[in-house]
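Letter by letter, the chains look like this.
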Amino acid sequence: MTDKIQQARRELFEAWTKSEHGDLTRRQDGEYFDDLTHGAWLGFNAALDCVVIELPTCSASMFVTSREAIAAQAGVVMCADAIESTNLGIKVK
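Residues numbered from 1 in each chain as written. Predicted model: local features only at pLDDT ≥ 70, side-chain atom pairs only at ≥ 80, totals over all residues. Heavy atoms only, no water.

### A short note on unusual backbone geometry
Alright, step 1. Even without being a glycine, Asn87 presents a positive backbone phi close to 60 degrees.
Alright, step 2. Position of Asn87 among the secondary structure elements: in the loop between α3 (66-84) and β2 (91-92).
Alright, step 3. Residue Asn87 is classed as partly exposed on the basis of its relative accessible area of 27%. (Helix = DSSP H or I, 4+ residues; strand = E, 2+ residues; numbered from the N terminus. Buried < 20%, exposed > 50% of the residue type's maximum accessible area, 1.4 Å probe, protein only.)

What follows is the structure, encoded as structure tokens:
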């Protein structure tokens, strides 16, 4: 996992944890003080690592005009870009 992905995931995880359970602190090495929070962090990452979003492929024969095919393909690309822009490391096929 890259630093950018880890940072985005930590921000999301810590924001949720703080909203649900109050204050959250980490040790100097970046790990969480209590085992329950550390376990939740590991589970959170495992859940995101197993997500793969498969976007539909667009065949020109699916559309009446080539303009529709181009627009559909552009929509798929925009969706993939939006998913990847979260920096959470979610895979897009």
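### Quick notes on the packing of aromatic side chains
Alright, step 1. Inspection of every chain in the model, using the stated rule, returns five aromatic pairs.
Alright, step 2. For the pair Phe13 and Phe44, a centre-to-centre distance of 5.5 Å together with 50 degrees between the ring planes defines the contact as tilted. Of the two residues, Phe13 is situated in helix α1 (residues 3-21) and Phe44 in helix α2 (residues 35-49); the sequence distance between them amounts to 31 residues.
Alright, step 3. Summarising the aromatic geometry, the rings of Tyr32 and Trp41 are spaced 6.1 Å apart at their centres and angled 65 degrees between planes, so their arrangement reads as edge-to-face. (Phe/Tyr/Trp six-rings, centres within 6.5 Å; stacked < 30°, edge-to-face > 60°.)

### A short note on the nonpolar core
Most often, soluble globular proteins keep nonpolar side chains buried together rather than apart.
Alright, step 1. The biggest cluster of nonpolar side chains holds five residues, and these are Ala8, Leu48, Ile83, Leu88 and Ile90.
Alright, step 2. Discounting residues that sit within four places of it in the chain, Ile90 has contacts with Leu48, Val51, Ile53 and Ile83. (Core = buried A, V, L, I, M, F, W, Y, C linked by side-chain atoms within 4.5 Å. Contact = heavy atoms within 4.5 Å.)

### Comments concerning the packing of α1 against α2
Alright, step 1. Interaxial distance between α1 and α2 falls to 11 Å at its minimum, and their mutual angle equals 120 degrees. Overall, the two elements α1 and α2 adopt an arrangement that is oblique. As for the relative orientation of α1 and α2, their crossing is right-handed in sense. Facing Gln6, Arg9, Arg10, Leu12 and Phe13 of α1, the residues of α2 in contact are Thr37, Ala40, Trp41, Phe44, Asn45, Leu48 and Asp49. (Axes fitted to C-alpha atoms, helices over the stretch in contact; angles between N-to-C directions. Parallel < 35°, antiparallel > 145°, perpendicular 65-115°, else oblique. Left-handed = near helix turned anticlockwise from the far one by under 90°.)

### Describing the pattern of salt bridges
Alright, step 1. Enumeration over the complete set of coordinates arrives at two salt bridges.
Alright, step 2. Linking Asp49 and Arg9 is a salt bridge whose minimum nitrogen-to-oxygen distance equals 2.9 Å. Of this pair, Asp49 sits in helix α2 while Arg9 is found in helix α1, placing the two residues 40 residues apart along the sequence.
Alright, step 3. Classification of Asp49 by relative accessible area gives partly exposed; the value is 38%.
Alright, step 4. Ionic pairing is found between Glu54 and Lys93, a salt bridge with its closest N-O pair at 4.0 Å. Taken together, the residues span a long stretch of sequence, with Glu54 in the loop between β1 (52-53) and α3 and Lys93 in the segment after β2 at a distance of 39 residues.
Alright, step 5. Taking relative accessible area as the criterion, Glu54 reaches 60% and is therefore assigned exposed.
Alright, step 6. Residue Lys93 is classed as exposed on the basis of its relative accessible area, which comes to 62%. (Salt bridge = Lys/Arg side-chain N within 4 Å of Asp/Glu carboxyl O.)

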